[in-house]
Amino acid sequence: TSGDVLTAASSTNYNFGFVNCCLEMWVRIHDNDVSSGNWLAAHTDNSTPNTGALGLYLSGSHFTGRATVASGGGSDGEVTITTSGYTINGSQRYHVALVKNGNTYTIYVDGVSRGSTSGTYGASNYPTGDQPFSIFALKGGTAGCQCWIDNFRLSNTARYTSGFTPHTSAHSND
């Protein structure tokens with residue numbers, strides 16, 4: 001529903017800068033929210049709304065990712081992972097995965113690589129201290145995307161490095 005935000009307590013466990021990682025979920029976007037630009041999930045420094053370590057959001061009917069890096073990013077120290085080749089339909093569920101493998105960031109939609117970019121991680125650009133991880137949230141901790149999310153998983157491994165068939169059952173323990 002509109003206005004719901006799920007936030008995990010601040011923790012250095014979410015600092016994935018030097019390690020591979022994967023943020024994945026099944027998601028269905030509410031029909032009225034398909035191209036809103038809202039965040040689905042983000043690890044962010046809420047005191048500085050434009051600083052995000054890792055996140056996935058909607059951008060013009062496509063999924064888009066952001067990651068904090070030291071080189072290869074824009075003036076804000078972040079890279080944007082844009083996607084193409086599909087359009088979000090509010091009546092359809094999608095499996096979405098944002099994967100960091102080395103210095104490469106890739107977004108897979110339903111098991112197909114839809115966008116990739118690279119950037120070298122730098123601790124100086126990463127949000128300082130322990131930061132929360134939020135689902136359904138815009139940066140800054142305010143309510144974001146109206147959607148349904150299932151099987152959300154944040155892992156410290158690059159689960160996917162090429163095309164794959166998305167799982168249809170609950171995740172197993174890591």
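Being a predicted model, the structure only gives us computed values, none of them experimental.

Q: What's the story with the overall build of the protein chain in this structure? I'm lost.
A: Across its full length, the protein chain carries 0 helices and 11 strands. Going residue by residue from the N terminus, the α and β elements of the protein chain occur as β-β-β-β-β-β-β-β-β-β-β. Counting over 174 residues, the protein chain shows a buried share of 48%. A separation of at least 24 residues holds for 68% of the contacts in the protein chain among residues at least 6 apart in sequence. Counting every atom, the protein chain has about 7700 Å² of accessible surface; 44% of that belongs to carbon and sulfur.

Q: Even after reading the chapter, I still don't get the pattern of salt bridges, so can you show me in this structure?
A: In the structure shown here, the tally under the stated rule is 2 salt bridges. E24 serves as the salt-bridge partner of R153, at 2.8 Å between the closest nitrogen and oxygen. Linking R153 in strand β11 (residues 147-155) with E24 in strand β2 (residues 21-29), this pair joins segments that are 129 residues apart in sequence. For the pair R153 and E24, a shared accessibility class is recorded, and that class is buried.

Q: What is the right way to look at the sheet that holds β11 in this model?
A: Two strands in a sheet stick together by hydrogen bonds in their backbones, pointing the same way (parallel) or opposite ways (antiparallel). Read across the sheet, 5 strands follow the order β9-β8-β7-β2-β11 without closing on themselves; strand pairing throughout is antiparallel. Unpaired on one side and paired on the other, β9 (112-118) and β11 mark the two borders of the sheet. The mean inter-strand angle of the sheet, taken between neighbouring strand axes irrespective of direction, is 15 degrees. One ladder, built from 6 bridges, connects strand β7 (residues 94-101) with strand β8 (residues 104-109); its direction is antiparallel. In the strand pairing of β8, L98 is matched with I107.

Q: Even after reading the chapter, I still don't get the nonpolar core, so can you show me in this structure?
A: Nonpolar side chains in soluble globular proteins tend to be buried together. Grouped together as the largest cluster of nonpolar side chains are 25 residues, with contacts concentrated most on L23, V27, I29, L40, L56 and F63. Among the secondary structure elements, those contributing two or more residues to this core are β2, β3 (39-44), β4 (52-58), β5 (63-68), β6 (78-81), β7, β8 and β10 (131-135). For this core, the element with the highest residue contribution is β2, accounting for 5 residues. Leave out the neighbours within four places in its chain, and L23 touches A41, L54, L56, V96, A97, L98, F133, F152, R153 and L154. If you look at the next biggest cluster of nonpolar residues, it comprises 7 residues, including A97, Y108, A158 and Y160.

Q: I keep staring at the side chain of E24 and nothing clicks. Help me out?
A: A relative accessible area of 0% places E24 in the buried class. Of note is the side chain of E24, whose polar atom sits 2.7 Å from the side chain of H95. Contacts of E24, omitting those with residues within four sequence positions, involve H95, V96, A97, N151, F152, R153, R159, Y160, H167 and H171.

Q: What exactly am I supposed to notice about the pairing of β9 here?
A: Working note: regular strand, side chains alternate between the two faces of the sheet. Alignment of β8 against β9, held across 6 bridges, turns out to be antiparallel. Its bridge partner being in β9, I107 is matched across the sheet by G115. The hairpin formed by β8 and β9 contains 2 residues between the paired strands, and D110 there has a positive phi angle of roughly 55 degrees.

Q: What am I meant to see in the confidence of the model for the protein chain here?
A: Mean pLDDT for the protein chain: 73, with 61% of residues reaching 70 or above. When the criterion is pLDDT under 50, residues 47-51 qualifies, and its contacts beyond four places in sequence or with other chains add up to 10 contacts.

Q: I keep staring at the environment of S162 and nothing clicks. Help me out?
A: By the element assignment, S162 lies in the segment after β11. Note on S162: relative accessible area 46%, which makes it partly exposed. Taking the C-alpha atoms as reference, S162 lies 7.2 Å from S113; in sequence the two are 49 residues apart.

What counts and what doesn't
Residues numbered from 1 in each chain as written. Predicted model: local features only at pLDDT ≥ 70, side-chain atom pairs only at ≥ 80, totals over all residues. Heavy atoms only, no water. Helix = DSSP H or I, 4+ residues; strand = E, 2+ residues; numbered from the N terminus. Buried < 20%, exposed > 50% of the residue type's maximum accessible area, 1.4 Å probe, protein only. Contact = heavy atoms within 4.5 Å. Areas by Shrake-Rupley, 256 points an atom, 1.4 Å probe, with all protein chains shown as cover. Salt bridge = Lys/Arg side-chain N within 4 Å of Asp/Glu carboxyl O. Pairing = 2+ DSSP bridges. Axes fitted to C-alpha atoms, helices over the stretch in contact; angles between N-to-C directions. Core = buried A, V, L, I, M, F, W, Y, C linked by side-chain atoms within 4.5 Å. Polar contact = N/O pair within 3.5 Å; in protein donor to acceptor, adjacent residues only side chain to side chain. pLDDT = per-residue confidence, 0-100.

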